[in-house]
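Spelled out from the first residue to the last, the chains are:
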Amino acid sequence: MPQPGRQGRLVRGTLPTLSDSALLTEVVEVIRQPAGDAVHIEDARVIVAGGRGLGGARGLALLEDLADALGGVVAGSRAAVEQGWLPHEQQVGQTGRTVRPKLYIACGISGAIQHLVGMQNSEVVVAINRDPEAPIFRACNYGIVGDLFEVVPALTQRFRQARQEWEHQLTAAATDLASYGGHPHGS
Ligand SMILES: Cc1cc2nc3c(=O)[nH]c(=O)nc-3n(C[C@H](O)[C@H](O)[C@H](O)COP(=O)(O)OP(=O)(O)OC[C@H]3O[C@@H](n4cnc5c(N)ncnc54)[C@H](O)[C@@H]3O)c2cc1C
């Protein structure tokens, strides 16, 4: 606030040039993520989400495998993002993204209200948690009480098997149809 009777004085100075050795940080490499590689969880039909229960890279790899089997994407809770397992763009919840997939599989997520507000409009919610009292079980359609390190690979295997069977049936049906087409009805 200006004060009557007081005046400022303009002083020109020069800042010392900082040498590289005086800097405490160093840019080692800049890695840019190609725009096409970004995961858009808001548009996903299937989301496999992980929380603190993932424990790290091994748990995350299991989720990626399940997401791959289902043609979905991986997302997570704030705890998973804070641990550095997932980028913030893949966080679901109050301070993350709001999602509305057809299928949301929550693995090792307790079900805090700040997480639920971001996924409560999912069509079908499956929860996997080893704590039968976890609040997520009150917000899901199907709950599996168990260790995600056992449950998730078993689900992945089952889905892959079902897909193979379905593809086999589809191939058989296409072959039938082709042979039927070669001998038109009545000929
Ligand atoms: C202002 C504010 C905004 C927030 N915004 C968000 C937000 O946007 N999104 C969000 O997610 N959170 C948000 N939070 C944080 C939120 O309150 C919770 O702390 C967070 O959601 C907890 O994450 P979590 O469920 O992964 O971890 P935890 O609550 O620690 O739960 C981990 C769960 O994993 C289970 N588990 C552990 N090991 C296994 C295993 N091997 N197999 C199966 N289950 C296992 C445990 O039983 C437990 O239920 C916010 C909080 C605040 C205050």
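Anyway, here's the lowdown on the structure attached to this text. (Residues numbered from 1 in each chain as written. Predicted model: local features only at pLDDT ≥ 70, side-chain atom pairs only at ≥ 80, totals over all residues.)

## Here's the deal with the overall build of the protein chain
Scanning the protein chain from N- to C-terminus turns up four helices and five strands. Ordered by position in the sequence, the α and β elements of the protein chain form the string β-α-β-α-β-α-β-β-α. Burial statistics for the protein chain: of 187 residues in total, 29% are counted as buried. Restricting to contacts in the protein chain with at least 6 residues of sequence separation, those with at least 24 account for 55%. (Helix = DSSP H or I, 4+ residues; strand = E, 2+ residues; numbered from the N terminus. Buried ≥ 20, exposed ≤ 12 C-beta atoms within 10 Å, placed from the backbone. Contact = placed C-beta atoms within 7 Å.)

## Quick word on the nonpolar core
By size, the foremost hydrophobic cluster in this structure holds 34 residues, and its most contacted members are Ile47, Val48, Ala49, Leu63, Ala106 and Cys107. If you list the elements that add at least two residues to this core, you get strand S1 (46-50), helix H1 (57-70), strand S2 (73-76), helix H2 (78-82), strand S3 (103-107), strand S4 (124-129) and helix H4 (148-182). Leaving out residues up to four positions away in the same chain, Leu63 has contacts with Val48, Gly50, Leu54, Val74, Cys107 and Val152. (Core = buried A, V, L, I, M, F, W, Y, C linked by C-beta atoms within 7 Å.)

## Some remarks on the sheet that holds S1
The five strands lie next to each other as S2-S1-S3-S4-S5, forming an open sheet whose pairing is parallel. Sheet topology places S2 and strand S5 (142-145) at the edges, where each strand pairs with a single neighbour. Direction aside, neighbouring strands of the sheet carry axes that sit 20 degrees apart on average. As judged from the four bridges shared by S4 and S5, these two strands associate in the parallel manner. Counted as the bridge partner of Val126 is Tyr142 from S5. Where H1 meets the sheet, it contacts S1, S2 and S3, and its direction lies at approximately 170 degrees from that of S1. (Pairing = 2+ DSSP bridges. Axes fitted to C-alpha atoms, helices over the stretch in contact; angles between N-to-C directions.)

## Concerning the site of the ligand
Taken together, 28 residues are adjacent to the ligand, and Gly51, Gly53, Ser77, Gly93 and Ser110 come closest. Its residues placed into classes, the shell around the ligand shows nine nonpolar, 14 polar and five charged. (Near = placed C-beta within 6 Å. Nonpolar A, V, L, I, M, F, W, Y, C, P; charged D, E, K, R; others polar.)

## Comments concerning the environment of Gln90
Assignment of secondary structure puts Gln90 in the loop between H2 and S3. What Gln90 contacts, discounting residues up to four positions off in sequence, is Val39, Ile41, Val74, Ala75 and Gly76.

## Quick look at the environment of Gln114
Summarising the element assignment, Gln114 is placed in helix H3 (residues 113-119). In this structure the C-alpha to C-alpha distance between Gln114 and Gly96, which are 18 residues apart in sequence, comes to 9.3 Å. Ignoring any residue separated from it by four or fewer positions in sequence, one finds Gln114 in contact with Gly93 and Gln94.

## Details of the pairing of S4
By the bridge criterion, five bridges tie S3 to S4 in an arrangement that is parallel. Its bridge partner being in S4, Cys107 is matched across the sheet by Ile128. Between the parallel elements S3 and S4, the chain passes through H3 in a crossover that is right-handed. (Right-handed = clockwise from strand over helix to strand, strands pointing away.)

The quantities given are spatial measurements derived from coordinates; they are silent on function.
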